[in-house]
Number of protein chains: 2
Amino acid sequence: MAGGRQAGMDDRRRTRPAAHELARYEALFAARTRGMKSSAMREMMALTERPDVISLAGGLPDTSTFAPELYAKLMAQVAAESTARALQYGPTEGMAATVDCIVEVMAQEGTLVDPSEVIVTTGGQQVIDLVCKTLIDPGDVIVAEAPTYPGAVPTFSAYQADVEQIEIDGDGMPIDALESTLDRLHEQGRRPKFIYTIPNFQNPGGVTMSLARRRRLVEVARERELLVLEDNPYGLLRYDGEALPTLYSLDAEAAGRGGSSDLVIYLGTFSKILSPGLRLGWAVAPRPVLEKLNLGKQGADLCSSPVTQMFVAAYFSERDAHGGAGWIDYVQRLRDLYRERRDVMFEALAEHFGEHASWTHPQGGLFIWATLDPRIDTTDLLALARKNEGVAFVPGRAAYVDGRSGASSMRLNFAGVPEAEIREGIRRIGRAMREQLGLLGSLTGAGGPTPGQDHAETGGSEGGAPAEQQPSAADGSAHLADVVALPPACPPLRGVPFRVRRDEAPSARRRRDR
Amino acid sequence: MAGGRQAGMDDRRRTRPAAHELARYEALFAARTRGMKSSAMREMMALTERPDVISLAGGLPDTSTFAPELYAKLMAQVAAESTARALQYGPTEGMAATVDCIVEVMAQEGTLVDPSEVIVTTGGQQVIDLVCKTLIDPGDVIVAEAPTYPGAVPTFSAYQADVEQIEIDGDGMPIDALESTLDRLHEQGRRPKFIYTIPNFQNPGGVTMSLARRRRLVEVARERELLVLEDNPYGLLRYDGEALPTLYSLDAEAAGRGGSSDLVIYLGTFSKILSPGLRLGWAVAPRPVLEKLNLGKQGADLCSSPVTQMFVAAYFSERDAHGGAGWIDYVQRLRDLYRERRDVMFEALAEHFGEHASWTHPQGGLFIWATLDPRIDTTDLLALARKNEGVAFVPGRAAYVDGRSGASSMRLNFAGVPEAEIREGIRRIGRAMREQLGLLGSLTGAGGPTPGQDHAETGGSEGGAPAEQQPSAADGSAHLADVVALPPACPPLRGVPFRVRRDEAPSARRRRDR
């Protein structure tokens, strides 16, 4: 599988159907797909096969940290003990040994679960799909965060859901805003089918829901009898601060049902603590919902791969040098690595984005959310950056169901690429950004940006004709922009406990947090 | 992963939600899942983890034929060359190296495909799901065979399709019956979204669509501009007779588009020629449809496992002892093994089902379709057989969307179990069948079945009260029953070219066919 062959493949895939070809099939398409277009995620996935682009776009962990010797050893173990079972179909709900690993991961998250309430899925993505399949009729309401996981947006659209997005701030989803939305929906006689939230190191916002809000969210769900889909892929990838309880465990406590939540559907995955290539995630759900998820999965793919499930089971029986669980040791090594990379990205952003942007300071996970001058549309910027600079990111619009909000923001992955590429990637994006700002400046006659011209000034300027062609960015990222790092002259904001102060070196920060 | 643990898991899973628990969530479920119940396939999957049951139920190949040493070697190769890539996300459409293997398999099927029109999926099942996702709005029509693949039934139901099933005979789907159905639908102003067919060694019927019908089906599709979903998991598993061209290749020829069909969506899988545990299948589709399948897959599971995709790529580069393609050599070994097993099942059926049943004589694939005395409901028989005899099969109703037809038929898998288990399994089912017939006889006062009482007589008898409680079986399996093996006294039927004559020993048959 040479690099050239990959590139060739990529070229072949670029041929899109001609208009007359499309017209022939258009009438046959379901309503759910008729308006569907290739999403930002599709482009991300395609980029993963191209070696010439620095991609800060994917939701990729760094899989080069996994020792090939261990991979070979574990696979040899599966081969020796159970080749025939690994190569065979497995039960739809997952193999018992894999479910036991999931219970172990959940315990590390401080959450006890009943193994009979777990279903193994083909990645966390399948949980989102199956939950929609189970609950969503066209026009049904889902309440989500704004911005939200870009990969959930096309799924919600495919089920023709009506998604209400609640702007998040530095403490995650504000529950008073959620309640206002629920009240408004109630007045319209509408009850959301579920509330979708990523409480830890939100994708793409990077923020974490506070404990007070978690407690209040569970109360609201119980008062109004609403299901919550808790998407928690990164909970164990915390680099600073204290872990917070899962919504699942808080609801189980409130329900008093001995470890089982009755309103929270929990989404977990091995993708970020081990490998996305295994395509293994899971849901923990109230039993009646679990039954439907299982039925949905039967129709979707029968079962998830026993080959990769048995790899996980073998992996979880590994010990570290001190006799502890090997998988926890690996997660700790990922934490140390990703913390360094996050801090390198902070530094690079300060150096190359400085006056023209602000960004969040996540305590964990994979992503930083950066918001640029409101005249910049990051979808256009991505095209420019890819073409001229060979660098990619997720444009902010991908995180909004309307496809218009978040236009001046971007999601940056700091976990999947080495430090040198982070620095170089951010440098390139910064250059593309300044190029575009310069162009905007010359069109409006305002001149390009100058050092010292701060974000507030740039944002406040009237854009004239070219700016009018850009959709407004202000609606999409206002809240988040308020809590992100501002130029040194600005005073620190209150009420943002995790906010990293710009005048503190990353190394000092790390010492304090450990 | 001890057997006991598996059994324990299985016990845990038996706890179903209580009625009051269900009521709480019922209002939240989507219309598509509200009426969904656990399907026969679910039970099949659960059975695969239980060692105490002889299961002739699953769609299982025999994965114990795959050498653990080769498994370990291939995985070590992937580890040495590309651990990081295997463990990472891959492109949604599949890895180029895996697509190349697919093109190679298709060539063996006598079908040239453009690699850019291939998408790698999470098993063949996902193709069915994605095609429905792309094309089916609630109430849309799918035309399928009767009986049809039991695993497609819940998928069609989940998309709320209106499925028209066309009774098959020994030559597969009769195209005149298809045309009558299409005419009737046309009068109602309805155009099917696609025609679903399994032309080779049909699941569950075991019959193969004749070349004349294949040609005519493609003509009809082109005349009426209809899409066809050609499900071909077993094409290469042919034990007797000559291979027939795929519908895809026939349509590509008719379209004159250099190897690309414009109306056939082809479904293939590595499950039956290599391993279902890899969860890798594929679709080849006209480009505008392919685009939508890709979008649907993004929302469903992002990509299929690179771990298993790279295993396939490594496997396909293996050579056999003579320098030929190792994978073809393995398929040849499967053919020899499954042919033997099929013939053992023929013998066991003649011995233990003899006078009370008839069955199809497939030239390939995994399944025999047996039709019993019409007073027997195989769904009830399955419960009895599992409980009293520790043996399982797929009840015929699972192959009908109405859940009522096919009630006296069953699908039997001869490929996945050793010869001794085939003999013992059929013996046990035969015993359960006779027990139930005896019970029916004593209830109606007609006495149990006696040797020499043939199928036609039993079928023609009036069943009285108990028979009335059973749904009619005649509608579901009449056509197939006509072409299956009848007791020795009956003359061979005409127009069934592949029909194996009962008076010919299996070994003689094999000599002739090779």
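An account of the accompanying structure is given in this report. (Residues numbered from 1 in each chain as written. Chains lettered and ligands numbered in written order. Predicted model: local features only at pLDDT ≥ 70, side-chain atom pairs only at ≥ 80, totals over all residues. Heavy atoms only, no water.)

## Describing the overall build of chain A
Basically, it comes down to this: Helix and strand assignments come from DSSP, with helices taken as H or I runs of at least 4 residues and strands as E runs of at least 2, each series counted from the N terminus. Residue burial is assigned from relative accessible area. The probe radius is 1.4 Å, only protein chains are included, and a residue is buried under 20% of its type maximum, exposed over 50%, and partly exposed in between. In this analysis, two residues are considered to be in contact whenever any of their non-hydrogen atoms come within 4.5 Å of each other. Only the protein chains shown count as cover for residues, and the accessible areas themselves come from Shrake-Rupley with a 1.4 Å probe.
Broken down by element type, chain A carries 20 helices and 13 strands. Relative to its 514 residues, chain A shows a buried fraction of 64%. In chain A, of all internal contacts separated by at least 6 residues, the share reaching a separation of at least 24 is 74%. For chain A, the computed accessible surface area is about 17200 Å², with 51% contributed by carbon and sulfur atoms.

## Focus on the interface of chain B and chain A
When the parts of a complex come together, some accessible area is lost, and that lost area is often taken as the interface size. The condition is simple: For any pair of parts, buried area is found by adding up, for both, the accessible area (1.4 Å probe) each one loses once the two are put together. Think of a salt bridge as a Lys or Arg side-chain nitrogen and an Asp or Glu carboxyl oxygen that are within 4 Å of each other. Between N or O atoms, a polar contact is any pair within 3.5 Å; within protein, one atom must be a potential hydrogen donor and the other a potential acceptor, and residues adjacent in sequence are included only when both atoms are from side chains.
Opposite the 111 residues of chain B that make contact, chain A presents 111 residues. For the pair chain B and chain A, the two sides together bury roughly 10300 Å², of which 58% comes from carbon and sulfur. On the chain B side of the contact with chain A, Leu28, Leu87 and Tyr89 of chain B bury the most area, a combined 8% of that side's loss. At the boundary of chain B and chain A, one finds six salt bridges. Its salt-bridge partner being Arg24 of chain A, residue Glu225 of chain B comes within 2.5 Å of it at the nearest N-O pair. Here chain B and chain A share 45 residue pairs in polar contact (both at pLDDT 80 or more) between them.

## Points about the pattern of salt bridges
Counted under the stated rule, the structure contains 56 salt bridges over all chains. Between Asp301 of chain B and Lys297 of chain B there is a salt bridge, and its shortest N-O distance comes to 2.9 Å. Separated by four residues within a single helix, Asp301 of chain B and Lys297 of chain B lie in helix H12 (residues 287-301), roughly one turn from each other. Classification of Asp301 of chain B by relative accessible area gives buried; the value is 1%. Taking the relative accessible area as the measure of exposure, Lys297 of chain B reaches 0% and is therefore buried. Through salt bridges that share partners, Arg24 of chain A together with Arg222, Glu225, Asp251 and Asp262 of chain B make up one connected network.

## A look at unusual backbone geometry
The residue after Asn203 of chain A, namely Pro204 of chain A, is reached through a cis peptide bond having omega 10°. As for its placement among the helices and strands, Pro204 of chain A is situated in the loop between strand E5 (194-197) and helix H10 (211-224). Note the cis peptide between Ala146 of chain B and Pro147 of chain B, where omega equals -5°. Mapped onto the fold, Pro147 of chain B is located in the loop between strand E3 (141-146) and helix H8 (152-158). A positive phi angle, close to 55°, is found at Gln160 of chain A, a residue other than glycine. With respect to the element layout, Gln160 of chain A can be found in the loop between helix H8 (152-158) and strand E4 (162-167). Accessibility expressed as a relative area gives 28% for Gln160 of chain A, which makes it partly exposed.

## Examining the sheet that holds strand E9 (residues 357-359) of chain B
All names here are of chain B. As a reminder of what qualifies: The rule for pairing is simple: two strands pair if DSSP sees at least two bridges between them.
Strand order in the open sheet formed by four strands is E9-E10-E13-E12, and the pairing between neighbours is antiparallel. Whereas interior strands pair on both sides, the edge strands pair on one side only; in this sheet they are E9 and strand E12 (394-395). Of the pairings in the sheet, the one linking E9 to strand E10 (residues 367-372) comprises three bridges and is antiparallel in character. If you follow Ser358 over to E10, its bridge partner there is Thr371.

## Overview of the relation of the copies chain B and chain A
Worth spelling out the cut-off: When the copies are superposed, the least-squares fit takes in the C-alpha atoms of residues with a pLDDT of at least 70 in both.
Under the fitted operation, chain B is carried onto chain A by 0.0 Å of movement along the axis and a turn of 180°, and the coordinates agree to an RMSD of 0.0 Å. Such a combination of turn and shift is consistent with a two-fold rotation axis. When each C-alpha of chain B is compared by its distance to the rotation axis, Met75 of chain B comes out closest, at 3.1 Å. Interface overlap between copies: 100% of the residues of chain B at the interface are likewise at the interface in chain A, consistent with a symmetric, same-surface contact.

## Some details on the packing of aromatic side chains
Residues and elements named next belong to chain A. For clarity, the cut-off: Pairing of aromatic rings covers Phe, Tyr and the six-membered ring of Trp, with a centre-to-centre limit of 6.5 Å; geometry is then stacked below 30 degrees between planes, edge-to-face above 60, and tilted otherwise.
In this structure the tally under the stated criterion is 27 aromatic pairs over all chains. Their ring planes at 75° and their centres at 5.7 Å tell us that Phe270 and Phe316 sit as a pair that is edge-to-face. Remark: Phe316 occurs in helix H13 (residues 306-316) and Phe270 occurs in the loop between strand E7 (264-269) and strand E8 (281-284); sequence separation between them is 46 residues. Across this residue pair, the class does not change: Phe270 and Phe316 are buried.

## Focus: the sheet that holds strand E5 (residues 194-197) of chain B
All names here are of chain B. Convention followed: Axis angles are defined between N-to-C directions and span 0 to 180 degrees, where every axis is a line fitted to C-alpha atoms and, for a helix, only to the segment in contact.
Taken in spatial order, the seven strands line up as E2-E8-E7-E6-E5-E3-E4 in an open sheet, and their pairing is mixed. The open sheet has two free edges, formed respectively by strand E2 (118-121) and strand E4 (162-167), since each of these has just one partner strand. If you compare each strand with its neighbour and ignore which way they point, the axes differ by 20° on average. Direction of pairing for E3 relative to E4: parallel, over a ladder of six bridges. By the bridge assignment, Ala146 is partnered in E4 with Glu167. Of the strands in this sheet, E2, strand E7 (264-269) and strand E8 (281-284) are in contact with H12, which crosses E2 at around 25°.

So yeah, pure geometry; function would need other evidence.
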